[in-house]
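Examination of the molecular architecture
The lines below spell out each chain.
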Amino acid sequence: MNTYNRFPITVDKAKGGYVWDIDGTKYLDFTAGIATCNLGHVPDVVKDSITSQLEKVWHCSNLYQIAPQQQLADLLTANSCLDQVFFCNSGAEANEAAIKLVRANNPNNRHIVAFRQSFHGRTLAALSATGQKKLHSGFEPLMQGFTFLTYNDFDSLNVLKENPPAAVMLELVQGEGGVIPAEQSWVEELVQVCTNAGILIMIDEIQTGMGRTGTFFAYEQYGFEPDIVTLAKGLGSGFPIGAMLAKDGTANAFQPGSHGSTFGGNPLATAAGIATVTEMTQSNILENCGQMSEMLFAELKNLQAEYSFIKLIRGKGLLIGIIVDGQAIQIVKAAIKENLLVTMAGQNVVRILPPLNVTAEDVSLFCEQFRNVLQTVSEKFYINE
Ligand SMILES: Cc1ncc(COP(=O)(O)O)c(C=O)c1O
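Predicted, not measured: the structure shown is a model, and the values here were computed from it. (Residues numbered from 1 in each chain as written. Predicted model: local features only at pLDDT ≥ 70, side-chain atom pairs only at ≥ 80, totals over all residues. Heavy atoms only, no water.)

Before going further, it helps to examine the site of the ligand. In the vicinity of the ligand, 13 residues are found, and the nearest of them are Gly91, Ala92, Asp204, Gln207 and Lys233. Within the side chain of Asp204, an N or O atom sits 2.7 Å from a nitrogen atom of the ligand. If one sorts the elements of the shell around the ligand by residue count, helix α4 (residues 91-105) sits on top with three residues. Of the residues in the shell around the ligand, the class split is three nonpolar, six polar and four charged. (Near = heavy atom within 4 Å. Polar contact = N/O pair within 3.5 Å; in protein donor to acceptor, adjacent residues only side chain to side chain. Helix = DSSP H or I, 4+ residues; strand = E, 2+ residues; numbered from the N terminus. Nonpolar A, V, L, I, M, F, W, Y, C, P; charged D, E, K, R; others polar.)

Summed over all chains, the structure comprises four salt bridges. Note that Asp44 and Lys15 form a salt bridge whose closest N and O atoms lie 2.8 Å from each other. You can see Asp44 sitting in helix α2 (residues 44-54) and its partner Lys15 sitting in strand β1 (residues 11-15), a full 29 residues away along the chain. The partly exposed category is assigned to Asp44, whose relative accessible area is 47%. A salt bridge links Glu176 to Arg351; the nearest nitrogen and oxygen atoms lie 2.9 Å apart. (Salt bridge = Lys/Arg side-chain N within 4 Å of Asp/Glu carboxyl O. Buried < 20%, exposed > 50% of the residue type's maximum accessible area, 1.4 Å probe, protein only.)

Moving on, we come to the nonpolar core. By size, the foremost hydrophobic cluster in this structure holds 85 residues, and its most contacted members are Leu76, Val168, Leu172, Leu296, Phe366 and Phe370. In this structure, this core is formed jointly by two domains, domain 1 (11-30 + 285-380) and domain 2 (44-282), each of which donates at least three residues. Not counting the four nearest positions on each side in its chain, Leu296 is found in contact with Phe30, Leu318, Ile320, Ile352, Pro354, Val363, Phe366 and Cys367. Residues Ala167, Met244, Ala246 and Phe254 belong to the second largest nonpolar core, which totals 22 residues. (Core = buried A, V, L, I, M, F, W, Y, C linked by side-chain atoms within 4.5 Å. Domains from an automatic or database assignment. Contact = heavy atoms within 4.5 Å.)

Our focus in this paragraph is unusual backbone geometry. Of note, the amide linkage connecting Glu140 to Pro141 takes the cis form, showing an omega dihedral of 5°. Positionally, Pro141 belongs in the loop between α6 (133-136) and β6 (146-149). For Gln117, which is not glycine, the phi dihedral falls at a positive 75°. Here Gln117 lies in the loop between β5 (112-115) and α5 (124-128). Owing to a relative accessible area of 41%, Gln117 belongs among the partly exposed residues under this scheme. Non-glycine residue Asn152 carries a positive phi angle of around 60°.

Along its sequence, the chain is carved into domain 1 (11-30 + 285-380) and domain 2 (44-282). Computed over C-alpha atoms only, the centres of domain 1 and domain 2 are separated by 27 Å. Taken together, the contact between domain 1 and domain 2 spans 20 residues of the former and 21 residues of the latter. The junction of domain 1 with domain 2 conceals about 1600 Å² of combined surface from both sides, 61% of it contributed by carbon and sulfur atoms. Contact with domain 2 buries area across many residues of domain 1, yet Leu286, Lys316 and Leu319 alone supply 39% of it, more than any other trio. Counting the contacts that link domain 1 with domain 2 gives two salt bridges. Where domain 1 meets domain 2, there are seven residue pairs in polar contact (both at pLDDT 80 or more). At the level of elements, α12 (285-306), β13 (310-316), β14 (319-324) and β17 (349-352) are the ones that each hand at least two residues to the side of domain 1 that touches domain 2. Looking at the side of domain 1 that touches domain 2, its residues break down into twelve nonpolar, four polar and four charged. (Buried area = accessible area lost by both parts, 1.4 Å probe.)

We now examine the sheet that holds β13. Read across the sheet, four strands follow the order β13-β14-β17-β16 without closing on themselves; strand pairing throughout is antiparallel. Every other strand in the sheet has two partners, leaving β13 and β16 (343-344) as the edge strands with one partner each. (Pairing = 2+ DSSP bridges.)

Here we take up the packing of aromatic side chains. For the structure shown, the criterion picks out nine aromatic pairs. The rings of Phe216, Phe217, Tyr219 and Phe224 are connected pair by pair, giving a single aromatic cluster. Note that Lys13 overlies the ring of Trp20, its terminal NZ or CZ placed 4.7 Å from the centroid. Over the aromatic face of Tyr18 sits the side chain of Lys26, whose NZ or CZ is 4.4 Å from the ring centroid. (Phe/Tyr/Trp six-rings, centres within 6.5 Å; stacked < 30°, edge-to-face > 60°. Lys NZ or Arg CZ within 6 Å of the ring centre and 35° of its normal.)

To continue, consider the pairing of strand β3 (residues 26-29). Pairing between strand β2 (residues 18-21) and β3: three bridges, direction antiparallel. In the sheet register, Val19 faces β3, and the bridge partner there is Tyr27. Between the end of β2 and the start of β3, which pair antiparallel, lie four residues, with Gly24 showing a positive phi angle near 90°. Sheet topology note: the β3/strand β15 (residues 340-341) ladder contains two bridges and is parallel.

Before going further, it helps to spend a moment on α12. The first and last C-alpha atoms of α12 sit 31 Å apart over 22 residues, in line with the 32 Å expected at 1.5 Å per residue. For α12, the set of buried residues is Ile285, Asn288, Cys289, Met292, Ser293, Leu296, Phe297, Leu300 and Leu303. Buried residues of α12, seen end-on, are gathered within an arc of 165° and therefore sit on one face of the element. Those residues of α12 that are exposed and angled more than 90 degrees off the buried face are Glu287, Glu294 and Ala305. On its buried side, α12 packs onto α11 (267-282), β13, β14, β17 and α14 (360-380). (Expected span 1.5 Å × (residues − 1). Arc of directions from axis to C-beta.)

Rendered as structure tokens:
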């Protein structure tokens, strides 16, 4: 169906930080499948894990024990402050599960507070929790029970105190909404308010998790422990999988029959997840993410000094937004002509998402080519349209 505006590139194969189209043209991919191929394309460790699982069993219903599913749950709980995991197949589904878990915990309070400019997915409950009117438009009536407050705004916290919801739901860097990091002091006060009022904290780490911001989960950098965390995107390195993690006290509200999924936690997807999480926690990939982030921020700030239509560089780790005075799409299109893939986050934000194991050579190459892109754009377009 006509649900996507696609660029005229047909990807034929991909490896590491590069993709090739059917004509053999090679692109440096700084989108990583929109923050999904965090280990680069077709990482050998994940390929090997899926391949050996392919020989054993592909699908097993959740009527039976699934060893790789248990193993992945153990890895995720060992590397987080959460105790239990529910597996599904996508980010939106992980958020659906989280919303149901909040409801299961709070029969007398159905109210969830989310934030303006957030993005939590396209299914109806996840969409209802998404704070972007343009995405709601045409799909009303939405699910009841969600209200929106302003992100990074201290007045919002007074509203929470006055009328405590069952849960708050937020991203620690709003990804689709424009690459907007939450401010440390605001998060600290939000956590204080929620702790005092018994409000559950649900963090959507679908884009920020799996190392994207430099730590395995973004919440680690803010120094608090969420009650519920959702994951997807990078968890399977491109193999579809989602997960909803919760602390025991919250997770125990689910009983057999409360929720389920035919494919959720299947052997192939969890084999991909095991290899991904193992690689992420045992290699130096998070360290590399931090170093390459510093390098990219520094180089992008140099470009900002050269091109006045670049207003701001913001983000965390390798989730970086370049805010331009103009249409980001012009830059994305010009980048394709320079064999670079970058994406957007709203009309005036170019979003760059290299794989977390990107090399210094590829960062340098990117910046060199991206300068050409900016030069073309500044010469050819009236950017401020
Ligand atoms: C923060 C966040 N939540 C939820 C989703 C939805 O994930 P999916 O597309 O896998 O349903 C996304 C996807 O971009 C996301 O960035």
